[in-house]
Amino acid sequence: MPGRVQGKVAFITGAARGQGRSHAIRLAEEGADIIAVDIAGRVTSVSAYPPATEADLAATVSQVEALDRRIVARKADVRDSAALSEAVSDGVAQLGRLDIVVANAGIYQPVPTLDLDDAAWQETIGINLTGVWNTVKAALPHLIAGGGGSVILTSSVLGLRGAANSVHYSTAKHGVVGIMRSVASEFAGHRIRVNSVHPTLVDTLMIQNEQTWRMFDPANPHPSRESAAPVFQMVNALPVPWVEPADISNAVLFLASDEARYITGVTLPVDAGALVK
């Protein structure tokens, strides 16, 4: 039914494009106003795909506004706890409340373990793990003041198992589960629910780039989306190479809605069966 988060306000990181933009639009379609944050700039250790831009963030704003919802957007790095706190406080001041938090911002670049340098390790942990904690910490006082809410943390299937060439990413995503379980336990008395979602491969630039295609299709001198797709499909039990951002957004919407009012502390895979394969 429509209006599943009508009148609520959602704070979303990594909102300029990809899954973050999809989450903003899906929640706006169901009645939420949005506080959107994105670094909208280069991340040093990621060269496989281009960075999100201020124009991307502006496009998210336009698409949310086209749904007749309000949005407050700001350029900020999730590693900067002060900037995140300021962004949330400003958004709450303008929109009046906070009900939903989606800690979505993240990076991924596959690197063989022994080739992974200290800077890339620290940057991945900083964005994918510390950035999630900073997001939660910035939002919690507003959720408490409002009498509760729903926090959704983006992990991965690699937050529940390991994979080659991904030790930095998998470590961070496992850590996200620790944040989720600890905060869910500590803040349940404030009627704050905390859960994590665990996508398989998602059809965004994070996997749709030549470096990742080459990792999955190493024998091909010219790997492509089409040549890598059958190998991607081998990750999943269901016969699909990847899922769409909207599939993750629908899970986020469910966890944000009152339909999930008694669901907290769970790891929710949206993985096309990857974890049972």
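Small disclaimer: the values here were computed from a predicted structure and weren't measured.

**Side note on the overall build of the protein chain**
Reasoning step 1: Within the protein chain, the secondary structure is distributed over eight helices and seven strands.
Reasoning step 2: Its C-alpha radius of gyration of 18 Å places the protein chain within 12% of the 19 Å reference for a compact globule of 277 residues.
Reasoning step 3: The dimensions of the protein chain, computed from C-alpha atoms along their principal axes, are 55 × 35 × 35 Å.
Reasoning step 4: Across the 277 residues in the protein chain, those meeting the buried criterion constitute 55%.
Reasoning step 5: For the protein chain, the share of sequence-separated contacts (at least 6 apart) that also reach a separation of at least 24 residues comes to 75%.
Reasoning step 6: Mean positive and mean negative side-chain charge positions of the protein chain (22 and 27 charges, respectively) differ by 5 Å.

**Considerations on the packing of aromatic side chains**
Any aromatic ring pair is given by two values, namely how distant the centres are and how the planes are angled relative to each other.
Reasoning step 1: Counting across every chain of the model gives three aromatic pairs.
Reasoning step 2: Considering the side-chain rings of Phe-216 and Phe-232, the 4.4 Å spacing of their centres and the 65° angle between planes classify their relative orientation as edge-to-face. Taken together, the positions of Phe-216 in helix H6 (residues 210-216) and Phe-232 in helix H7 (residues 225-233) put the pair 16 residues apart, joining distant regions of the chain. With respect to class, Phe-216 is no different from Phe-232; both count as buried.
Reasoning step 3: Three or more aromatic residues link up through ring pairs in this structure, and these residues are Phe-216, Phe-232 and Trp-242.

**Some thoughts on the side chain of Asp-99**
Reasoning step 1: Structurally, the position occupied by Asp-99 is in the loop between helix H3 (81-95) and strand S4 (100-103).
Reasoning step 2: A polar contact is formed between the side chain of Asp-99 and the side chain of Arg-97, at a distance of 2.7 Å.
Reasoning step 3: When residues no more than four places from it in sequence are discounted, the contact partners of Asp-99 are Gly-7, Lys-8, Val-9, Leu-143, Gly-149 and Ser-150.

**Focus: the sheet that holds strand S3 (residues 71-75)**
Reasoning step 1: Ordered in space as S3-S2-S1-S4-S5-S6-S7, the seven strands form an open sheet in which the pairing is parallel. At either margin of the open sheet sits one strand with a lone partner, and together these are S3 and strand S7 (267-270). On average, each strand axis in the sheet is tilted by 15° relative to the strand beside it, whichever way the strands run.
Reasoning step 2: Where strand S6 (residues 192-199) and S7 come together, four bridges link them in parallel fashion. Residue pairing for S7: Val-197 is matched across the bridge by Leu-268.
Reasoning step 3: Its contacts with the sheet put helix H4 (residues 118-145) on strand S1 (9-13), S4, strand S5 (149-154) and S6, and the angle it makes with S4 is roughly 175°.
Reasoning step 4: Together, S5, S6 and S7 form the strand contacts of helix H5 (residues 167-187), whose direction differs from that of S6 by roughly 160°.

**A look at the pattern of salt bridges**
A side chain with one charge may pair with a side chain of the opposite charge, provided their charged atoms come close.
Reasoning step 1: Summed over the entire model, instances satisfying the criterion amount to 14 salt bridges.
Reasoning step 2: Ionic pairing is found between Arg-4 and Glu-259, a salt bridge with its closest N-O pair at 2.8 Å. Taken together, the residues Arg-4 in the segment before S1 and Glu-259 in the loop between helix H8 (245-256) and S7 connect sequence positions 255 residues apart.
Reasoning step 3: Overall, Glu-259 belongs to the partly exposed group, its relative accessible area being 43%.

**Some details on the environment of Ser-182**
Reasoning step 1: Positionally, Ser-182 belongs in helix H5.
Reasoning step 2: Given a relative accessible area of 47%, Ser-182 falls into the partly exposed group.
Reasoning step 3: With 107 residues separating them along the chain, Ser-182 and Lys-75 place their C-alpha atoms 29 Å apart.
Reasoning step 4: At 2.9 Å, the side chain of Ser-182 forms a polar contact with the backbone oxygen of Gly-178.

What counts as what
- Per chain, residue numbering runs from 1 following the sequence as it is written.
- Local features in this predicted model are restricted to residues whose pLDDT is 70 or higher, and side-chain atom pairs enter the listing and the counts only when it is 80 or higher, whereas totals over whole chains, interfaces and linings include all residues.
- Values shown for side chains rest on all heavy atoms present in the structure; no hydrogens or waters enter the calculation.
- Put simply, DSSP marks the helices as runs of H or I at least four residues long and the strands as runs of E at least two long, and each gets a number from the N terminus on.
- The quantity called the radius of gyration is restricted to C-alpha atoms. Its globule counterpart is 2.2 Å times the number of residues to the power 0.38.
- Only protein chains enter the accessibility calculation, which uses a 1.4 Å probe. A residue is then buried if its area is under 20% of the maximum for its type, exposed if over 50%, and partly exposed in between.
- Whether two residues are in contact is decided by their heavy atoms: any pair within 4.5 Å suffices.
- Asp and Glu are treated as the negative residues and Lys and Arg as the positive ones, with His and the ends of the chain left uncounted.
- Lys charges are placed at NZ, Arg charges at CZ, Asp charges at CG and Glu charges at CD.
- Only the six-membered ring of Trp is used, alongside the rings of Phe and Tyr, when aromatic pairs are assigned; centres must lie within 6.5 Å, and planes under 30 degrees apart are stacked while those over 60 apart are edge-to-face, with the rest tilted.
- Counted as a polar contact is a pair of N or O atoms within 3.5 Å, where, for protein atoms, one must be capable of donating a hydrogen and the other of accepting one, and residues adjacent in sequence contribute only when both atoms are in side chains.
- Any two strands are treated as partners once DSSP identifies two or more bridges connecting them.
- Convention adopted: a line fitted to C-alpha atoms gives each axis, helices being fitted over their contacting stretch, and angles between N-to-C directions are expressed from 0 to 180 degrees.
- Here a salt bridge means any side-chain nitrogen of Lys or Arg lying within 4 Å of a carboxyl oxygen belonging to Asp or Glu.

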